[in-house]
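Coordinate inspection notes
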Amino acid sequence: MTDSILILLRQGSDLFDRKDYLNAIACFTQAIERLKSSSEQAEGRGYPLWKIYCRRALAWSYREEYEIAIADLNEALRECPDDAAIYLARGQFSHARSDWQHAVSDFTHALELGTAAPVSCLYQRALTHLLSGNPHQAKKDCEEAFRQAGDASLTDYPELVQLRNKLNEIPGLCQPANSVLNKNRTQRAPASAGTKEAAEQELDLAASCHANRDDEKALEYVNAYLDRNPDSAQACQLRGEIFYYMKQLDAAREDCLHAFECDPKNQAACELLVRIYNRMYDFTSARLWRQKLEALQRTTGPVSNKTNVDPHSRKETPRETKK
C-alpha cells in the first residue's frame, strides 16, 4: 500500500512541475485517501500526511482556489500545529482573498514560531496592513524588515524597497494622526460671490473624476474645494469615499465623521462609515452606524447620494488608484 502511495506522490509532483495542477490534485487526493485508510504510514519515507495536504494546498492555490487551499492547510495544522511555514502559506492565501485580518494573524504567528523567512514575512504583513488601511503599522513592519535584511535589503528585496517608497509618499504618515486630515479644515475667509461658481465646478469635477476612477485627480479638486469650504459635509463625504477607494481607511473614516458632524442627516456619510468599519473589521461600530442610518431613513426617508457618484457602480473592495 505504501509503494502505491509513493507512486501517486511522484506522479502528482511530476504533474505539478508540468503545471497540470488539476491532475496533480487528483493524485494527491488519492494518496491522502489511501494513506488515511491504510494501517501503514509513509512517514518513514518522508511523506507524512500533513505534507501531502500542503502539497495539494499549493496546487489549489495555483488554480486560485484559495478557500480550498486554506482548508487543506487547516488539516495540515491539525497534525503539525507549530510549523511556521504552514502559517506563512495560509497567511499568503488569506491575503490573496483580501482577508486581511486572518492574513495578519497568520503572518504574526509565523514570526512568533520563528519562520525561516522573517524578512519576507514582515514584508507581507506590512503590505497587508497597508491594504487594510493601517499604514502606520505597515511602516513599522517595513522598517523592521529593513533592519533584519541589513545590507541585503537593496539587492535581494526590491519589493521591500518599493513598499518603503510607497509608504514614504503617504502624506502625514510620520506626523500626528490628525495633522494632515485637519490641514484642509482650517478656517478661512468665505469665498466671494465671484468664486462660488468656480468652487462648485471643482466639486463637480472631483465627483466626475472619482466616478471615472481617477482618484488622484479627484483628490486634487476636492482638496481645492475644501480649502475654501472646510466644513462642507458634501465635500468631506466625497473625499472620504475617495480615500476609501485609495485604501486609506483611517483618512476616510475621519472625513466621514467630520461630514456627519457638519450635517447629522448625511445618510451618504453614514452608509460609507458602515462600509469603512466593516472593512476595518470593527463590526461593533459598523452595526452602530447601520442603526443610525436606518433611524435617519425612517425619519427622513432614503436620500440619494449628493455627490452624484453611485457607490454601487464601483467595486466594494478598496483598490489601487488609477495610474
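All of these numbers come straight from a predicted model, not from anything done at the bench. Starting afresh in each chain, residues are numbered from 1 along the sequence in its written order. Since the coordinates come from a predicted model, pLDDT governs what is reported: local features require at least 70, and pairs of side-chain atoms require 80 or more to be given and counted, while whole-chain, interface and lining totals use all residues. Hydrogens and water are ignored here; the side-chain numbers use all heavy atoms of the structure.

Only rings of Phe, Tyr and Trp enter the pairing, Trp through its six-membered ring, and a pair is recorded when the two centres are within 6.5 Å. The plane angle decides the type: under 30 degrees is stacked, over 60 is edge-to-face, the rest tilted. Scanning all chains against the criterion turns up 5 aromatic pairs. Summarising the aromatic geometry, the rings of Phe16 and Tyr62 are spaced 5.6 Å apart at their centres and angled 80° between planes, so their arrangement reads as edge-to-face. Highlighted residues: Phe16 in helix H1 (residues 2–17) and Tyr62 in helix H3 (residues 49–62), separated in sequence by 46 residues. Only protein chains enter the accessibility calculation, which uses a 1.4 Å probe. A residue is then buried if its area is under 20% of the maximum for its type, exposed if over 50%, and partly exposed in between. Taking the relative accessible area as the measure of exposure, Tyr62 reaches 48% and is therefore partly exposed. Where Tyr66 meets Phe93, the ring centres are 6.2 Å apart and the plane angle is 35°; that geometry is what we call tilted. Placement of the pair is Tyr66 in helix H4 (residues 66–79) and Phe93 in helix H5 (residues 84–96), with a sequence separation of 27 residues. The buried category is assigned to Phe93, whose relative accessible area is 8%. An aromatic cluster of three or more residues is present, and its members are Phe16, Tyr21 and Tyr62. In this scheme, the term charge over a ring applies when either NZ of a lysine or CZ of an arginine sits within 6 Å of the ring centre and within 35 degrees of the ring normal. The ring of Phe16 has Arg55 sitting right over it, with the charged end atom 4.4 Å from the ring centre. Numbered from the N terminus, helices here are DSSP runs of H or I no shorter than four residues, and strands are runs of E no shorter than two.

Within soluble globular proteins, side chains that are nonpolar generally end up buried alongside one another. Membership of the largest hydrophobic core comes to 36 residues, with the highest contact counts inside it found for Leu9, Ile52, Leu73, Ile86 and Phe93. It is helix H2 (residues 21–37) that contributes the most residues to this core, 8 residues altogether. Among buried residues, the Ala, Val, Leu, Ile, Met, Phe, Trp, Tyr and Cys ones that are joined through side-chain atoms within 4.5 Å form a nonpolar core. Listed in part, the 35 residues of the second largest apolar core include Cys209, Ala218, Ala252 and Leu273.

With that settled, the discussion passes to the confidence of the model for the protein. On average, residues of the protein carry a pLDDT of 80, and 79% of them reach 70 or more. Looking across the protein, the model is least confident in helix H9 (residues 153–156), with a mean pLDDT of 71, and most confident in H4, with 95. Each residue carries a pLDDT value, the predictor's own confidence for that position, ranging from 0 to 100. In what follows, a contact means two residues having at least one pair of non-hydrogen atoms within 4.5 Å. Confidence over residues 175–194 falls short of pLDDT 50; this stretch has 25 contacts with residues more than four positions distant or in other chains.

Attention shifts here to the pattern of salt bridges. In what follows, salt bridge is the name for a side-chain nitrogen of Lys or Arg lying within 4 Å of a carboxyl oxygen of Asp or Glu. In the structure shown here, the tally under the stated rule is 10 salt bridges. Across the pair Asp72 and Arg56 runs a salt bridge, and its minimum N-O distance is 2.7 Å. In this pair, Asp72 is assigned in helix H4 and Arg56 in helix H3, connecting sequence segments 16 residues apart. Accessibility assignment for this pair places Asp72 and Arg56 in one class, buried. Among the ionic pairs, Arg239 bridges to Asp255, the shortest N-O distance being 2.7 Å. Taken together, the residues span a long stretch of sequence, with Arg239 in helix H13 (residues 233–245) and Asp255 in helix H14 (residues 249–262) at a distance of 16 residues. Note on accessibility: Arg239 and Asp255 belong to one class, buried.

The topology assignment puts Leu257 in helix H14. For Leu257, a relative accessible area of 30% corresponds to the partly exposed category. As a C-alpha pair, Leu257 and Leu273 span 16 residues in sequence and 7.8 Å in three-dimensional space. Setting aside residues no more than four positions away along its own chain, Leu257 makes contact with Leu273, Tyr277 and Trp289.

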